[in-house]
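These are the residues of each chain, in order.
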Amino acid sequence: MKTTAPSHLVRPRTDGDLPACVEALAAVHRHSGYPVNWPDRPADWLTTHAQLTAWVAELDGHVVGHLSLSRAAEGDAAPALWAAREGVGVDVTAVVGRLFVSPAARGHGLGGALVARAVEEAWTLGLHPVLDVVDSDAAATALYERLGWELLDVVEQHWAPQQVVSLRCYAAPGQP
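Residues numbered from 1 in each chain as written. Predicted model: local features only at pLDDT ≥ 70, side-chain atom pairs only at ≥ 80, totals over all residues. Heavy atoms only, no water.

Caption draft 1: Up close: the overall build of the protein chain. The secondary structure content of the protein chain amounts to five helices and seven strands. Going from the N terminus to the C terminus, the protein chain shows its helices and strands as β-α-α-β-β-α-β-α-β-α-β-β. Taken against the 2.2 N^0.38 rule, which gives 16 Å for 176 residues, the C-alpha radius of gyration of the protein chain at 16 Å falls within 12% of a compact globule. Along the longest, intermediate and shortest principal axes, the C-alpha atoms of the protein chain span 60 × 40 × 30 Å. Long-range contacts, defined as pairs at least 24 residues apart, comprise 64% of the intrachain contacts of the protein chain with a sequence gap of at least 6. The averaged location of the 20 negative side-chain charges in the protein chain is 6 Å from the averaged location of its 12 positive side-chain charges. (Helix = DSSP H or I, 4+ residues; strand = E, 2+ residues; numbered from the N terminus. Rg over C-alpha atoms; globule rule 2.2 N^0.38 Å. Contact = heavy atoms within 4.5 Å. Lys, Arg positive; Asp, Glu negative; His and termini not counted. Charge placed at Lys NZ, Arg CZ, Asp CG, Glu CD.)

This is how it looks when you write it as structure tokens:
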């Protein structure tokens, strides 16, 4: 009996994808604690006002992953670190974020495919991709480092009065 490999696809996210994205995000939150603080309105959290575009990953026709590309927002550490190092403004950066793949869909290269799509789009827009990740998220850190992203620094941010979070800030390798 011949088995068929699962088919996967990365495509632009539509508003109709948001319920499935929230469902996948909830599974990720239960499994690995991302996002650290569950948002009151998860669909709104996935659609930031600074967002340039977003994609979903499908596995066998089901939305199982997500990633967005945004302009730098006030307080974003990675764009500021990269811009200061390069002697440019943060306006030439694009922030890769809101990346997740449902635990049941991991191991198919979807995270890497989503990141590759965002990097390609950032370069097309003339922007340098950067991101930050919670220091304790070993799986995400391993992905970015496997993809060749450069660690800029580890910084602490205050996310709430009693919550200080360590973030690993990365920049994509130089433009091809």
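Caption draft 2: Broad picture of the environment of Ala-94. Residue position: Ala-94 is located in strand β4 (residues 93-101). Residue classification places Ala-94 among the buried residues on the basis of a relative accessible area of 0%. Each C-alpha atom, one on Ala-94 and one on Gly-112, is 17 Å from the other, the two residues being 18 residues apart in sequence. Setting aside its immediate chain neighbours within four residues, Ala-94 contacts Leu-52, Leu-69, Ser-70, Ala-122, Leu-127, His-128, Pro-129 and Val-130. (Buried < 20%, exposed > 50% of the residue type's maximum accessible area, 1.4 Å probe, protein only.)

Caption draft 3: Spatial organisation of the side chain of Arg-11. One can find Arg-11 in strand β1 (residues 8-12). A polar contact of 2.7 Å, which involves the side chain of Arg-11, links it to the side chain of Glu-58. For Arg-11, the contacting residues outside a window of four places in its chain are Asp-17, Ala-54, Trp-55, Val-56, Glu-58 and Val-63. (Polar contact = N/O pair within 3.5 Å; in protein donor to acceptor, adjacent residues only side chain to side chain.)

Caption draft 4: Fine view of the nonpolar core. Among the nonpolar cores identified, the biggest contains 27 residues, and Leu-67, Val-115, Tyr-144 and Trp-149 are the most heavily contacted of them. Looking at this core, the elements that each hand over two or more residues are β2 (51-59), β3 (62-70), β4, α4 (110-124), β5 (128-134) and α5 (138-146). Those residues in contact with Val-115, other than ones at most four positions away along the chain, are Leu-67, Leu-99, Leu-143, Tyr-144, Leu-147 and Trp-149. In this structure, Ala-78, Val-134, Val-165 and Cys-169 belong to the second largest nonpolar core, which totals 11 residues. (Core = buried A, V, L, I, M, F, W, Y, C linked by side-chain atoms within 4.5 Å.)

Caption draft 5: Representation of unusual backbone geometry in the model. Look at the link from Tyr-34 to Pro-35: it is a cis peptide, with omega at -5°. Mapped onto the secondary structure, Pro-35 falls in the loop between α1 (18-32) and α2 (42-45). Positive phi, normally seen in glycine, also occurs at Arg-98, with a value near 55°. Judged by relative accessible area, Arg-98 falls into the partly exposed class, the value being 23%.

Caption draft 6: Spotlight on the pattern of salt bridges. Taken as a whole and judged by the stated rule, the model has nine salt bridges. Two residues, Arg-11 and Glu-58, come together in a salt bridge whose shortest N-O distance is 2.7 Å. With Arg-11 in strand β1 and Glu-58 in strand β2, this pair connects stretches of sequence that are 47 residues apart. Comparing Arg-11 with Glu-58, the two get one shared label, buried. Of the charged contacts in the structure, one is a salt bridge between Arg-168 and Asp-135, with a shortest N-O distance of 3.4 Å. Here Asp-135 lies in the loop between β5 and α5 and Arg-168 lies in strand β7 (residues 163-171), a separation of 33 residues in the sequence. (Salt bridge = Lys/Arg side-chain N within 4 Å of Asp/Glu carboxyl O.)

Coordinates in, geometry out; function isn't part of it.
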